[in-house]
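As a plain string of letters, each chain reads:
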Amino acid sequence: MNLAAMDPTTYDVQLEAKRVKLTQLFADFDTPELETFSSEPANYRMRAEFRVWHEGEDLYYYMFDKELNSKVRCDQFLPASELINKMMPALVELLKPNTILRHRLFQIDFLSTLSGEILVSLLYHKQLDSEWEQQAKILKQTLSTQFNVNLIGRARKQKIIFDKDFVVESLNVAGKQLQYHQIENSFTQPNGKVSVKMLEWAIDVTKNSTGDLLELYCGNGNFSIALAQNFDRVLATELAKPSVESAQYNIKVNQVENLQIIRMSAEDFTEAMAKKRSFRRLEGIDLDSYNCNTIFVDPPRAGLDADTVKLVQGYERIVYISCNPHTLLDNLNELSKTHNITRFALFDQFPYTDHMESGVFLEKK
């Protein structure tokens, strides 16, 4: 991470550079004008991870700066949420004099929410004993006088929780308040406010939909929950068990009655749809009863594999969220043979980096 590049006064310039780069990258395609969704120039990350350096009586957070090829002390961290920045000095001042809690501590992770909840994970190169638990309980109680905080201690094959290992985010999305269960160590969108813009964009591009929606790689149901209002029914797949459990929680708490989550990989689901294999996890689910004419995909950085691209091409409308424009480019070489690109967006999830999150809406020719 290049910490020196994080200057809010240059934010608009770097965003424009991304806009130009993405437009040029897709110049060979017949794309509409790029819709650009900016980030806050500071305090935009809802989660952050720091290594911990011990130097005599001192104890501080640090990150590794690739440009400088060295560690950089981080008493504060510009990208992190205001809540994380407020927690950082309060926590470290309590840890410094506590020999039990700071011994063999090597990393601290924060997961915060726009709604004011924060989860702190302390990671150790030692086993955590009853003495540690007693001190951690006191630490949690002390922090709770200032923060809505939960605490986790982690060591090899150990995870000790005070009181929860998750936070519940509350987002105002297109006038509706949506709640999202976010578990420690599971994927969540890092930029809370840009995440809202992504959800609202996806709602807008599918607002006149008919029939059902199929979503692959649904995670904790982030998009499925928001998009369910635009469809008769939603069928979504996700492989990671913690994410599926979060999705089930989110379905219940948001009172979404037309969404079903299946725990399986996109590749296996593709085989099931093609009737190549049968799966126990699909017992009792009548795939043929779904009238899915829209498909939503938010794949990992590798993009869609060839079989999934073929599956996706069978749908009238495709919503594709991508965290890697180069694999999106490869997939669009095939998808553009059968579909037109009718919406194109840049979401600046990661300011001051080269990462570009993009969204494409395609409709069958």
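Please read all numbers here as calculations on a predicted model, not as lab measurements. (Residues numbered from 1 in each chain as written. Predicted model: local features only at pLDDT ≥ 70, side-chain atom pairs only at ≥ 80, totals over all residues. Heavy atoms only, no water.)

**So, the overall build of the protein chain**
Phase 1 of the analysis: Helix and strand content of the protein chain: 10 helices and 17 strands.
Phase 2 of the analysis: Computed over its C-alpha atoms, the radius of gyration of the protein chain comes to 22 Å, within 12% of the 21 Å expected for a compact globule of 365 residues.
Phase 3 of the analysis: Viewed in the frame of its principal axes, the protein chain has a C-alpha envelope of about 65 × 50 × 35 Å.
Phase 4 of the analysis: Residue burial in the protein chain is summarised as follows: out of 365 residues, 55% are buried. (Helix = DSSP H or I, 4+ residues; strand = E, 2+ residues; numbered from the N terminus. Rg over C-alpha atoms; globule rule 2.2 N^0.38 Å. Buried < 20%, exposed > 50% of the residue type's maximum accessible area, 1.4 Å probe, protein only.)

**Some remarks on the nonpolar core**
Phase 1 of the analysis: Of all hydrophobic cores here, the largest spans 80 residues; its most connected members are L91, I108, F110 and L122.
Phase 2 of the analysis: Examining the composition of this core, we find that eight residues originate from one element, helix α2 (residues 82-95), more than from any other.
Phase 3 of the analysis: Setting aside chain neighbours within four positions, we find L122 in contact with L91, L105, Q107, I108, W132, L139, L151, I152, G153 and R154.
Phase 4 of the analysis: The next biggest cluster of nonpolar side chains, apart from the first, holds 34 residues, and it includes L171, L178, M198 and F347. (Core = buried A, V, L, I, M, F, W, Y, C linked by side-chain atoms within 4.5 Å. Contact = heavy atoms within 4.5 Å.)

**Some thoughts on helix α8 (residues 266-273)**
Think of an α-helix as turning once every 3.6 residues; residues three or four places apart then point the same way.
Phase 1 of the analysis: What α8 keeps buried is the set A266, F269, T270 and A272. Seen along its axis, α8 keeps its buried residues to an arc of 160°; they face one direction.
Phase 2 of the analysis: Buried residues belonging to α8 abut β11 (212-216), β12 (234-238), β13 (259-263) and α9 (306-312).
Phase 3 of the analysis: Backbone geometry just after α8 places K275 at a positive phi near 60°. (Arc of directions from axis to C-beta.)

**Focus on unusual backbone geometry**
Phase 1 of the analysis: Here the bond from F162 into D163 is cis, since omega is -5°, no more than 30 degrees from zero.
Phase 2 of the analysis: One can find D163 in the loop between β8 (158-162) and β9 (166-173).
Phase 3 of the analysis: The residue R104 is not glycine, and still its phi comes out positive at about 65°.
Phase 4 of the analysis: Within the secondary structure layout, R104 lies in the loop between α3 (99-102) and β5 (105-112).
Phase 5 of the analysis: Taking relative accessible area as the criterion, R104 reaches 44% and is therefore assigned partly exposed.
Phase 6 of the analysis: For Y352, which is not glycine, the phi dihedral falls at a positive 65°.
Phase 7 of the analysis: In this fold, Y352 is placed in the loop between β16 (339-347) and β17 (357-364).

**Some thoughts on the pattern of salt bridges**
Phase 1 of the analysis: Per the stated rule, a full pass over the model turns up 17 salt bridges.
Phase 2 of the analysis: In this structure, K337 engages E334 in a salt bridge whose closest nitrogen and oxygen atoms are separated by 2.9 Å. (Salt bridge = Lys/Arg side-chain N within 4 Å of Asp/Glu carboxyl O.)

**With respect to the sheet that holds strand β2 (residues 47-55)**
Phase 1 of the analysis: As summarised here, the arrangement of the seven strands in space is β4-β3-β2-β5-β6-β7-β8, forming an open sheet in which the pairing is mixed. Pairing within the sheet leaves two strands with one partner each, and these edge strands are β4 (70-73) and β8. On average, each strand axis in the sheet is inclined to that of its neighbour by 30°, with strand direction left out of account.
Phase 2 of the analysis: When β2 meets strand β3 (residues 58-65), the two strands line up antiparallel, connected through five bridges. Counterpart to V52 in the pairing with β3 is Y61.
Phase 3 of the analysis: Contacts from α2 reach β2, β3, β5, β6 (117-124) and β7 (148-155), with the element oriented near 150° to β5. (Pairing = 2+ DSSP bridges. Axes fitted to C-alpha atoms, helices over the stretch in contact; angles between N-to-C directions.)

**Describing the UniProt feature "binding site: S-adenosyl-L-methionine" (unreviewed entry) in the protein chain**
Phase 1 of the analysis: Following the UniProt record, one finds the feature "binding site: S-adenosyl-L-methionine" (unreviewed entry) at Q189, Y217, N222, E238 and D298.
Phase 2 of the analysis: Considering the arrangement of structural elements, one finds Q189 in the loop between β10 (176-183) and α5 (192-205).
Phase 3 of the analysis: Assessed through its relative accessible area of 13%, Q189 is described here as buried.
Phase 4 of the analysis: The contact partners of Q189, leaving out residues within four places of it in the chain, are R47, S195, M198, N222, F223, D298, Q349 and E357.
Phase 5 of the analysis: The residue Y217 is located in the loop between β11 and α6 (222-227) in this model. (UniProt positions renumbered as here; feature names shortened; annotations may be inferred.)

**Comments concerning the side chain of T237**
Phase 1 of the analysis: Structurally, the position occupied by T237 is in strand β12.
Phase 2 of the analysis: For T237, the residues in contact, after removing those within four places along its chain, are E215, L216, Y217, C218, I262, M264 and F269.

**Description of the pairing of strand β14 (residues 292-297)**
Phase 1 of the analysis: The element β14 is extensively covered by neighbouring structure, given that six of its six residues are classed as buried.
Phase 2 of the analysis: One ladder, built from five bridges, connects β11 with β14; its direction is parallel. Note that in β14 the partner of L213 across the bridge is T294.
Phase 3 of the analysis: Across four bridges, β14 lies against strand β15 (residues 317-322) in parallel orientation. Along β15, the bridge assignment pairs F296 with V319.
Phase 4 of the analysis: Running through α9, the crossover from β14 to the neighbouring parallel element β15 is right-handed. (Right-handed = clockwise from strand over helix to strand, strands pointing away.)

**Side note on the packing of aromatic side chains**
Phase 1 of the analysis: Per the stated rule, a full pass over the model turns up 15 aromatic pairs.
Phase 2 of the analysis: Each ring, one from Y11 and one from Y352, has its centre 6.2 Å from the other, and the planes form 75°; the classification is edge-to-face. Of this pair, Y11 sits in helix α1 (residues 11-25) while Y352 sits in the loop between β16 and β17; the two residues are 341 residues apart in sequence, bridging distant segments of the chain. Each member of the pair, Y11 together with Y352, is buried.
Phase 3 of the analysis: A network of ring pairs unites the aromatic residues F50, Y61, F77 and F110 as a single cluster.
Phase 4 of the analysis: The aromatic ring of W53 is capped on one face by K71, whose charged end is 4.0 Å from the ring centroid.
Phase 5 of the analysis: Lying across the ring of Y290, R233 places its NZ or CZ 3.8 Å from the centre. (Phe/Tyr/Trp six-rings, centres within 6.5 Å; stacked < 30°, edge-to-face > 60°. Lys NZ or Arg CZ within 6 Å of the ring centre and 35° of its normal.)

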